[in-house]
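Structural overview
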There are 2 protein chains.
Amino acid sequence: MSLTQVHELNSALASPGVQSPVDAGWHRGGKLWSNLNEVCDLLRIPSGLVGTDADCLFQHVQFKAGQRIYTLGQPFEMLYIVNSGFLKTVLIDESGNEQVLSFPMKGDLFGIDGIHHRQYASEAVALSSCDVILMPFKKFTALGRTHAELETAIYSVMSRELLREQIMVSMLGSLSAEARVARFLVSLSERFAEMGYSGKQFNLRMTRHEIGSYLGLTLETVSRAFSAFNEIGLISVEQRAIGIKDLQALKTLRRLPPSRSRAKQEAANAMKRSAIGLPSASSSRGPVAVA
Amino acid sequence: MSLTQVHELNSALASPGVQSPVDAGWHRGGKLWSNLNEVCDLLRIPSGLVGTDADCLFQHVQFKAGQRIYTLGQPFEMLYIVNSGFLKTVLIDESGNEQVLSFPMKGDLFGIDGIHHRQYASEAVALSSCDVILMPFKKFTALGRTHAELETAIYSVMSRELLREQIMVSMLGSLSAEARVARFLVSLSERFAEMGYSGKQFNLRMTRHEIGSYLGLTLETVSRAFSAFNEIGLISVEQRAIGIKDLQALKTLRRLPPSRSRAKQEAANAMKRSAIGLPSASSSRGPVAVA
DNA sequence: CGGGTCTTTGATTAGGTTCAATAAGAGTGG
DNA sequence: CCACTCTTATTGAACCTAATCAAAGACCCG
């Protein structure tokens, strides 16, 4: 599973000698490396003060779509930071079902769940070609001890992840299917914008099935939500290509307004009810229900 | 809101002089204090090595049912450790709806979500009389710098919380209402057992509404699940008093087996269908479906 | 071009919510 | 101590959302 790649190079990480800068990271010995400042930038950590630790480099590793970065139960040694590309992390329950937990992308730290039991509790899989920075956890915390603001940042990033999961729990616990899909699109849009891409026009890197798993829905429901949003002009959707047309409506959407197809459905139900002598539905919803 | 209690004493935390040991913690100046070793024990951290920092004491504070330990948006300074009693933490969304995130009890650390934005992202409320240890975050991390195993433990505890949220997300995303309620009872049972109480017989400290909020269900669904489990002999339930009768079945439960009331329901549906000329249902489920 | 995966859409059904009514406690104050 | 109220819990009935089942179309890659 290409994991040998990752492990064969855990050794010689500390030796100076920087060379020609490239994109983000330097080449050395035919491999890409980043220093601490670049890592902090990537993690959106207010470093700045960090003295130039030229002797402190972190190796990059490339993965192709479908490859696993780590697997369930594998001994924990590293955190990973996405430099480019898209991934998913999945939880695998006792009966082997996969549940998507997150879609790490540029600037995201993942692998944190391995700290507690000293082995990963999830798996990370590349959804596209990826460039990932290896961050040996021991080294990371050691640096924290000498760089106060880095230590603060480590705690902060972990807290941020916890916050993210809390928001997720709250979404799953209280929002309708359509509202979840809408918020998913909003957060993707914002994330793309942060990364410097268009937040209005982008390609999904994951399947409907993966989105559904992430949101606690079936792939059909996700597909239908996309179609419905398309129909009422909130987005345009063609396969993986998404265009955001009304971000505000997506942000505040709670339930879907009545529409052509829904009216049709309503009518059908009404007929069925009257056929068996029940009173007609009185559930006329208001217009686009928002917060 | 009794928050003055908490803040009036943020000062003089460092001065020696231990007195008569009581339960967990010492009295000094009419207040309860704990040293680092007691705190580590409480958190289930393998300390041991920690030198006796007699000069390092942590104050306890008492809360009565209904009192808030911290509120949304309040500046973050402290983590809290439950010494006794029961609490809930709730997320409050844009429209003011509460969502229960956790039920901290003895040995649990809470307040972590405040680290990132330097203000609490949730609220913590006492469900019963509580004794809570104040853990100034600055002091905690400073101690981590000098006690390696404590630093490790801090990261570990944060990772554990993240793990807990992941399990929660997975539950909400993939389990039926009854399975969620069953697992909730199992985890409560295990938690009570860990704390030295009976895992077979206990009183719920939270309402059906709070349980429902925690599990992403309505209070009626929770109540019905309890009744159903009672009916088939998995538990006994009378108001808040729960007796666990078949832990294993609760652990592996996925859906509920057909029962008296369910058969009745089935029959009713069948009648309704035949009345409008639809084919009869063919959904005979197997016996108690387990993993 | 053909076989795979991914997506869309329709029809039906099941699981959970909602609404409503009742009951059971827990305080509170006369 | 008892009535009164407020919160909490139980249960039933109707309804509705999202899952399931099914079929067909689109896309990709060898």
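Structure report, in brief. (Residues numbered from 1 in each chain as written. Chains lettered and ligands numbered in written order. Predicted model: local features only at pLDDT ≥ 70, side-chain atom pairs only at ≥ 80, totals over all residues. Heavy atoms only, no water.)

1. Comments concerning the protein's contact with DNA strand D
- DNA strand D sits among 20 residues. The nearest are A:Ala177, A:Thr221, B:Arg208, B:Ser227 and B:Arg240.
- Restricting the count to atoms of DNA strand D within 4 Å of the protein gives a sugar and phosphate share of 65%.
- A distance of 2.9 Å separates a base oxygen of DNA strand D from a polar side-chain atom of A:Arg224.
- Take B:Arg208: an N or O atom from its side chain is 2.8 Å from a phosphate oxygen of DNA strand D.
- Among the elements that line the surface near DNA strand D, the one with the most residues is helix 7 (residues 219-231) of chain B, at five residues. (Near = heavy atom within 4 Å. Polar contact = N/O pair within 3.5 Å; in protein donor to acceptor, adjacent residues only side chain to side chain. Helix = DSSP H or I, 4+ residues; strand = E, 2+ residues; numbered from the N terminus.)

2. Observations regarding the packing of helix 4 (residues 148-174) of chain A against helix 4 (residues 148-174) of chain B
- Packing of helix 4 of chain A against helix 4 of chain B leaves a shortest axis separation of 9 Å and a crossing angle of 15 degrees. In terms of orientation, helix 4 of chain A lies roughly parallel with respect to helix 4 of chain B. Considering how the two elements wind past one another, helix 4 of chain A and helix 4 of chain B form a crossing that is left-handed.
- Counted by class, the contact of helix 4 of chain A with helix 4 of chain B contains 14 nonpolar, six polar and six charged residues. (Axes fitted to C-alpha atoms, helices over the stretch in contact; angles between N-to-C directions. Parallel < 35°, antiparallel > 145°, perpendicular 65-115°, else oblique. Left-handed = near helix turned anticlockwise from the far one by under 90°. Nonpolar A, V, L, I, M, F, W, Y, C, P; charged D, E, K, R; others polar.)

3. Focus: the protein's contact with DNA strand C
- The environment of DNA strand C is made up of 20 residues, and the closest members are A:Arg208, A:Ser223, A:Ser227, B:Ala177 and B:Thr221.
- Across the atoms of DNA strand C situated within 4 Å of the protein, the share located in sugar and phosphate is 63%.
- Counting residues per element, the ones that place at least two in the surface near DNA strand C are helix 7 (219-231) of chain A together with helix 7 of chain B.
- No other element matches the five residues that helix 7 of chain A contributes to the surface near DNA strand C.
- Counted by class, the surface near DNA strand C contains three nonpolar, nine polar and eight charged residues.

4. A word on the packing of aromatic side chains
All names here are of chain B.
- Considering all chains together, one arrives at 29 aromatic pairs over all chains under this definition.
- With 5.8 Å between their ring centres and 40 degrees between their planes, Phe-86 and Phe-192 make a pair best called tilted. Placement of the pair is Phe-86 in the loop between strand 5 (78-84) and strand 6 (87-92) and Phe-192 in helix 5 (residues 177-194), with a sequence separation of 106 residues.
- The exposure class of Phe-192 is buried, given its relative accessible area of 3%.
- Plain terms: the ring middles of Phe-192 and Tyr-197 are 6.1 Å apart, the flat faces sit at 50 degrees to each other, and that makes the pair tilted. (Phe/Tyr/Trp six-rings, centres within 6.5 Å; stacked < 30°, edge-to-face > 60°. Buried < 20%, exposed > 50% of the residue type's maximum accessible area, 1.4 Å probe, protein only.)

5. Quick look at the interface of chain B and chain A
- Taken together, the contacts link 38 residues of chain B with 37 residues of chain A.
- Carbon and sulfur atoms make up 65% of the surface buried where chain B meets chain A, a total of about 3900 Å² over both sides.
- For the pair chain B and chain A, the number of links is six salt bridges.
- The shortest N-O distance in the salt bridge between A:Arg145 and B:Glu151 comes to 2.9 Å.
- Counting across the chain B and chain A interface gives 16 residue pairs in polar contact (both at pLDDT 80 or more). (Contact = heavy atoms within 4.5 Å. Buried area = accessible area lost by both parts, 1.4 Å probe. Salt bridge = Lys/Arg side-chain N within 4 Å of Asp/Glu carboxyl O.)

6. Considering the pairing of strand 12 (residues 235-238) of chain B
Residues and elements named next belong to chain B.
- Inspection of the sheet shows strand 12 paired to strand 13 (residues 241-244) by four bridges, in the antiparallel sense. Paired with Ile-235 across the bridge in strand 13 is Ile-244.
- With antiparallel pairing between neighbouring strands as the criterion, strand 12 and strand 13 make up a hairpin whose turn holds two residues, including Gln-239 at a positive phi of roughly 55 degrees. (Pairing = 2+ DSSP bridges.)

7. What about the sheet that holds strand 4 (residues 68-70) of chain A?
All names here are of chain A.
- The strand order across the open sheet built from four strands is 4-9-6-7, with neighbouring strands paired in antiparallel fashion. Edge positions in the open sheet fall to strand 4 and strand 7 (98-102), since each of these has one partner strand only. Neighbour-to-neighbour, the strand axes of the sheet open up by a mean angle of 35 degrees, direction not taken into account.
- Here strand 4 pairs with strand 9 (residues 123-126) via two bridges, running antiparallel. In the strand pairing of strand 9, Arg-68 is matched with Val-125.
- Strands in contact with helix 6 (residues 208-215) are strand 6 (87-92) and strand 7; relative to strand 7, the strand with the most contacts, it is inclined by about 80 degrees.

8. Examining the pairing of strand 5 of chain B
All names here are of chain B.
- The element strand 5 is extensively covered by neighbouring structure, given that six of its seven residues are classed as buried.
- Where strand 5 and strand 10 (residues 130-136) come together, six bridges link them in antiparallel fashion. The residue bridging Val-82 from the neighbouring strand is Val-132, located in strand 10.
- When strand 5 meets strand 8 (residues 109-110), the two strands line up antiparallel, connected through two bridges. Note on strand 8: the bridge partner recorded for Ile-81 is Leu-109.

9. Considering the side chain of B:Asp113
Residue and element names in this part refer to chain B.
- The topology assignment puts Asp-113 in the loop between strand 8 and strand 9 (123-126).
- Arg-164 provides the closest opposite charge to the buried, salt-bridge-free Asp-113, at an N-O distance of 8.6 Å.
- A polar side-chain atom of Asp-113 sits 3.4 Å from the main-chain amide nitrogen of Ala-121. (Lys, Arg positive; Asp, Glu negative; His and termini not counted.)

10. Examining the side chain of B:Arg191
Residue and element names in this part refer to chain B.
- Along the polypeptide, Arg-191 turns up in helix 5.
- A relative accessible area of 14% places Arg-191 in the buried class.
- Reaching out from Arg-191, the side chain makes a polar contact with the side chain of Asp-108 at a distance of 2.7 Å.
- When sequence neighbours within four positions are dropped, the list of residues in contact with Arg-191 reads Arg-44, Met-105, Lys-106, Gly-107 and Asp-108.

11. Some words on the relation of the copies chain B and chain A
- In screw terms, the move from chain B to chain A is a rotation of 180 degrees and a rise of 0.0 Å along the axis, fitting with an RMSD of 0.0 Å. Each copy turns onto its partner about a two-fold axis.
- A share of 97% of interface residues in chain B that are also interface residues in chain A marks the association as one of identical surfaces. (Least-squares fit on C-alpha atoms with pLDDT ≥ 70 in both.)

12. Points about unusual backbone geometry
All names here are of chain B.
- Of note, Arg-44 is a non-glycine position whose phi angle comes to about 60 degrees, a positive value.
- Positive phi outside glycine occurs at Arg-118, with the angle close to 60 degrees.
- Within the secondary structure, Arg-118 is located in the loop between strand 8 and strand 9.
- With relative accessibility at 38%, the residue Arg-118 sits in the partly exposed group.

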